[in-house]
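Structural description and commentary
Letter by letter, the chains look like this.
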Amino acid sequence: MSTKQLNAKDGIEALHNETDPRPIPQAWLDNAPRADVAAAETEYHAVLHTIERSVAGDTDVLAGHKQGHAEQWTIHVLYTRADGQRRVEQAYDARVVETADGLQITPRGLRASIAVDGRDITPVARPRTTDIERALQDLHDIDPTEANDD
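Quick look at the structure, then. (Residues numbered from 1 in each chain as written. Predicted model: local features only at pLDDT ≥ 70, side-chain atom pairs only at ≥ 80, totals over all residues. Heavy atoms only, no water.)

A word on helix α4 (residues 130-140). Within α4, the full set of buried residues consists of I132, A135, L136, L139 and H140. Viewed end-on, α4 has its buried residues packed into an arc of 100 degrees, placing them on one side of the element. Exposed residues on α4 whose side chains face more than 90 degrees from its buried face are T130 and D138. As for α4, its buried residues are in contact with α2 (26-30), β3 (42-55), β4 (71-80) and β5 (86-99). Immediately beyond the C-terminal end of α4, within one or two residues, lies D141, with a positive phi of roughly 55 degrees. (Buried < 20%, exposed > 50% of the residue type's maximum accessible area, 1.4 Å probe, protein only. Helix = DSSP H or I, 4+ residues; strand = E, 2+ residues; numbered from the N terminus. Arc of directions from axis to C-beta. Contact = heavy atoms within 4.5 Å.)

In structure tokens, the structure reads:
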């Protein structure tokens, strides 16, 4: 699986602005599987992500007395229909490795697209944004203005 590299020039700023949605890095999608879409389902494409960090609540973990991580990292991925009008979100655990160049953040189990039938995951209708339009075009080669999803 590919990684996202936060280097010295954007690492600290990127971590402090982690609630701002950012386009999915193309490197993450290179090896990510696509959904097998059945007749009653619609394909939703990964377009934006945010990174969430939380501190472990167990003081023994924080003090290093148990195996574990002092921080838990989660990557929230926004998936949209090809027309960009409906969206769902899925969270993925992240693997974080500190290197000489910064942090490598790797989502575990990321999918480039998912199949949504509206029963298990209920899509939310929202207007299409320029960030979503750009991500659909750049990452998935989809023109949302020409998409014909219901």
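Structure's up, so let's keep going.
For the rest of this paragraph, the subject is the pattern of salt bridges. All told, the structure shown has 5 salt bridges when counted by the stated rule. One salt bridge connects D131 with R134, and the closest N-O pair in it is separated by 3.5 Å. With D131 and R134 both in helix α4 and 3 residues apart, this pair spans about one turn of that helix. Residue class for D131 comes out partly exposed when judged on its relative accessible area of 39%. The exposure class of R134 is partly exposed, given its relative accessible area of 46%. (Salt bridge = Lys/Arg side-chain N within 4 Å of Asp/Glu carboxyl O.)

As a further point, take the pairing of β5. In this sheet, β5 lies alongside β4 in antiparallel orientation, the contact comprising 7 bridges. Across the sheet, the residue bridging to I75 is Y92, located in β5. Relative to strand β8 (residues 124-125), β5 runs antiparallel, the two sharing 2 bridges. What sits directly across from R86, in β8, is A125. With 6 bridges joining them, β5 and strand β6 (residues 102-107) adopt antiparallel strand pairing. Counted as the bridge partner of A94 is P107 from β6. Remark: 2 residues form the turn of the hairpin made by β5 and β6, two consecutive strands paired antiparallel. (Pairing = 2+ DSSP bridges.)

As a further point, take the nonpolar core. Counting residues in each nonpolar core, the largest one holds 29 residues, and the members touching the most others are I24, L29, V47, I75, V77, Y79 and L110. Only α2, β3, β4, β5, β6, β7 (113-116) and α4 provide two or more residues apiece to this core. Discounting chain neighbours no more than four positions away, the residues touching I75 are W28, H49, T50, I51, Q90, A91, Y92, A94, I105, T106 and P107. (Core = buried A, V, L, I, M, F, W, Y, C linked by side-chain atoms within 4.5 Å.)

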